[in-house]
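If you want the building blocks of each chain, they are given just below.
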Amino acid sequence: MEPAAGFLSPRPFPRAAAPSAPPAGPGPPANASPRSEPEVLAGPRAPDPPGRLITDPLSGRTYTKGRLLGKGGFARCYEATDTESGIAYAVKVIPQSRVAKPHQREKILNEIELHRDLQHRHIVRFSHHFEDADNIYIFLELCSRKSLAHIWKARHTLLEPEVRYYLRQILSGLKYLHQRGILHRDLKLGNFFITDNMELKVGDFGLAARLEPPEQRKKTICGTPNYVAPEVLLRQGHGPEADVWSLGCVMYTLLCGSPPFETADLKETYRCIKQVHYTLPASLSLPARQLLAAILRASPRDRPSIEQILRHDFFTKGYTPDRLPVSSCVTVPDLTPPNPARSLFAKVTKSLFGRKKNKNKNHSEDQDNVSCLVSGLMRTSIGHPDVRPEAPVVSGQAPASLIETAAEDSSPRGTLASSGDGFEEGLTVATVVESALCALRNCVAFMPPAEQNPAPLAQPEPLVWVSKWVDYSNKFGFGYQLSSRRVAVLFNDGTHMALSANRK
Ligand code: ADP
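Residues numbered from 1 in each chain as written. Predicted model: local features only at pLDDT ≥ 70, side-chain atom pairs only at ≥ 80, totals over all residues. Heavy atoms only, no water.

An unreviewed UniProt entry annotates the chain as Serine/threonine-protein kinase PLK originating from Mus musculus. Database annotation for the chain, UniProt heading Sequence similarities (unreviewed entry): "Belongs to the protein kinase superfamily. Ser/Thr protein kinase family. CDC5/Polo subfamily." On record in UniProt, under Catalytic activity (unreviewed entry), the comment for the chain is "L-threonyl-[protein] + ATP = O-phospho-L-threonyl-[protein] + ADP + H(+)". (UniProt positions renumbered as here; feature names shortened; annotations may be inferred.)

It is worth spelling out the pairing of strand β6 (residues 135–140) at this point. For β6, the buried fraction is high: 6 of the 6 residues fall into the buried class. Where burial is concerned, the two faces of β6 agree: the one with Asn135, Tyr137 and Phe139 and the one with Ile136, Ile138 and Leu140 are both buried. Alignment of strand β5 (residues 126–131) against β6, held across 5 bridges, turns out to be antiparallel. Note that in β6 the partner of histidine 129 across the bridge is isoleucine 138. (Buried < 20%, exposed > 50% of the residue type's maximum accessible area, 1.4 Å probe, protein only. Helix = DSSP H or I, 4+ residues; strand = E, 2+ residues; numbered from the N terminus. Pairing = 2+ DSSP bridges.)

Now for helix α7 (residues 286–295). Buried within α7 are the following residues: Ala288, Leu291, Leu292 and Ile295. With its buried residues spanning 100° around the axis, α7 presents them on a single face. In this structure, the buried residues of α7 make contact with α3 (160–179), α5 (240–256), α8 (306–311) and α9 (313–316). (Arc of directions from axis to C-beta. Contact = heavy atoms within 4.5 Å.)

The next subject is the packing of α3 against α5. Axis angle and axis distance: for two packed helices, these are the angle between their axes and the distance between the axes, and together they describe the pair. Where α3 contacts α5, the two axes come as close as 11 Å, and the packing angle between them is 165°. By the criterion of interaxial angle, the relationship of α3 to α5 is roughly antiparallel. Considering only the axes of α3 and α5, their crossing is right-handed. Counted together, Glu160, Val163, Leu167, Ile170, Leu171, Leu174 and His178 of α3 and Pro240, Asp243, Leu247, Met251, Leu254 and Leu255 of α5 form the full contact between these two elements. Here the residues of the contact of α3 with α5 are counted per class, giving 10 nonpolar, 1 polar and 2 charged. (Axes fitted to C-alpha atoms, helices over the stretch in contact; angles between N-to-C directions. Parallel < 35°, antiparallel > 145°, perpendicular 65-115°, else oblique. Left-handed = near helix turned anticlockwise from the far one by under 90°. Nonpolar A, V, L, I, M, F, W, Y, C, P; charged D, E, K, R; others polar.)

Near the ligand, the surroundings consist of 16 residues, among which Phe74, Cys77, Lys92, Glu141 and Cys143 are the closest. Within the backbone of leucine 69, a nitrogen or oxygen atom sits 3.4 Å from an oxygen atom of the ligand. Between a nitrogen atom of the ligand and a main-chain N or O atom of cysteine 143, the distance comes to 3.0 Å. In isolation the ligand has 550 Å² of accessible area, and contact with the protein removes 90% of it. Counting residues per element, the ones that place at least two in the shell around the ligand are β2 (62–71) and β4 (88–95). The greatest single-element share of the shell around the ligand, amounting to 3 residues, is contributed by β2. Partitioning the shell around the ligand into residue classes produces 9 nonpolar, 3 polar and 4 charged. (Near = heavy atom within 4 Å. Polar contact = N/O pair within 3.5 Å; in protein donor to acceptor, adjacent residues only side chain to side chain. Areas by Shrake-Rupley, 256 points an atom, 1.4 Å probe, with all protein chains shown as cover.)

On to the pattern of salt bridges. By the definition in use, this model includes 16 salt bridges. Taking the shortest distance from any N to any O, the salt bridge between glutamate 199 and lysine 201 comes out at 3.6 Å. For the pair glutamate 199 and lysine 201, one class covers both residues: buried. Measuring nitrogen to oxygen at the nearest pair gives 3.8 Å for the salt bridge that ties aspartate 302 to arginine 297. Through salt bridges with shared partners, a single ionic network connects Arg121, Glu141, Glu199 and Lys201. (Salt bridge = Lys/Arg side-chain N within 4 Å of Asp/Glu carboxyl O.)

So, about the sheet that holds strand β3 (residues 76–82). The strands making up a sheet associate through backbone hydrogen bonding, with each pair oriented either parallel or antiparallel. A sheet is described by the order of its strands in space; here 6 strands give the open sequence β1-β2-β3-β4-β6-β5, paired in antiparallel fashion. Of all strands in the sheet, those bounded by a partner on one side alone are β1 (53–55) and β5. On average, adjacent strands in this sheet sit at an angle of 35° to one another, irrespective of strand direction. Sheet analysis places β3 next to β4, joined by 6 bridges and oriented antiparallel. For arginine 76, the partnering residue across the bridge sits in β4 and is valine 93.

Here we have 4 strands laid out as an open sheet, ordered β11-β12-β13-β14, and antiparallel in their pairing. Each having just a single partner strand, β11 (466–472) and β14 (496–498) make up the two edges of the open sheet. Sheet twist, expressed as the average angle between the axes of neighbouring strands with direction ignored, equals 15°.

Here we come to the packing of aromatic side chains. Summed over all chains, the structure comprises 13 aromatic pairs. When the ring of phenylalanine 314 is compared with that of phenylalanine 315, the centres are 5.2 Å apart and the planes differ by 80°; the resulting orientation is edge-to-face. Each member of the pair, phenylalanine 314 together with phenylalanine 315, is buried. Ring pairs connect the aromatic residues Tyr63, Tyr89, Phe130, Tyr137 and Phe139, which therefore count as one cluster. (Phe/Tyr/Trp six-rings, centres within 6.5 Å; stacked < 30°, edge-to-face > 60°.)

The phi dihedral of histidine 156 falls on the positive side, at around 70°, and the residue is not glycine. Its location among the elements puts histidine 156 in the loop between α2 (148–155) and α3. You will see that arginine 235, though not glycine, has its phi angle at about 55°, which is positive. Mapped onto the elements, arginine 235 comes out in the loop between α4 (230–233) and α5.

Those residues of helix α6 (residues 266–275) that sit buried are Thr269, Cys272 and Ile273. The buried residues of α6 all sit within an arc of 100° when viewed along its axis, so they share a single face. Facing away from the buried side of α6 by more than 90 degrees, the exposed set consists of Lys267 and Gln275.

The following block contains the structure:
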């Protein structure tokens, strides 16, 4: 087949702000192969030195070759920058010697043919390709944080919200592929690429194929052994359900740390796959176990569709973060679901003290901030004659003088961010104080009347405030210590447990 050099015009991508690998952390080196996804090594050849120019022989465009991103079956992948536009790409460099045989060349052309027209947020964007006497060059969207395989190597297991975050993006990309009649046929951690801003993109269309009617499907066994579906092993062909199976294996690997059918011996692995013999750890949530059990079914017909997967309790009842911190590439992230009370606290802190949340601050500083917030609120409320239990505040309106008091009170501790810098859109001191007052009014409204309180509570008490706290509300509840040194926990089910002052 004739080489299809230079028949695509470059489609630019926004340049990645700071293409960089995940920060170094524990675990094996980032370029090591995952146990479950053996890397097929290219033949012995000296690596091309970085910095060399790549020139498109037809257009004359030049690209500076940067760092090596990884090696695949045929290709080495480098960062490459268009010398004129400055646009950064990932370029797959395939030596002509590796595709000398017609079937090898056909494989690369098939990959280009299937990939070039795909345009989806969660599919690696194909830009353009050309070849010279030495190599074929395929220019792709740069995914500077490499792949889920690299994250898995550093982390081994991910939290369920993280798994939902990644799976939702894979499912979105996969749905697009299937709708276009394309099967990926090699869904594995190493083919889920991660961009600079932690977005996932499905890539590597080296084994992809067009969906054919069952009787016309090729019966070749392809894919990564650990993730191959039983019907593929039984040479019944590869349909969309086989991609769904692989996705189930990916989900299992991310949650449990190793693939469901991994054994020391490939034959044994294939036996386990055909018999669907695997274990579901009790440590997984019930919805996670139920979804895995639904996907890993021997008969393709019994597996859920992509839509059904997305409607499963695992996705609908569990929290999925909007984005993940970059640090989650190497360490367990703190993924406490957004808590309206907490964000109100954060907003009030910001408005009263003008401090921005410092990512690196330690826990005790957090505690100080909350103490500050609570005592600040108390000071402003107590110091103002309008805020008395018997002086009702008109709903939806904070007294202007209280707002002034708040502003004055906070000024010595920092700038009051009443507009612009550090202040969220539509958030003013008035709205923040109003929300705080509203929350306090609700508390007061639902308190039992003083006469119903046990005798000691009915007595006027000295002012106490929360001096320390620990928020485990994503699991158990909220623990705190009062300025009186009394320690208590408010459990998520509403139960309140307190130690008496002598801690007995
Ligand atoms: P092959 O098709 O020869 O197996 P791959 O597509 O797997 O080649 O690419 C080899 C390696 O290059 C991958 O493991 C990955 O580390 C890196 N890579 C591939 N595409 C990209 C990309 N778009 N952005 C960043 N790295 C990439």
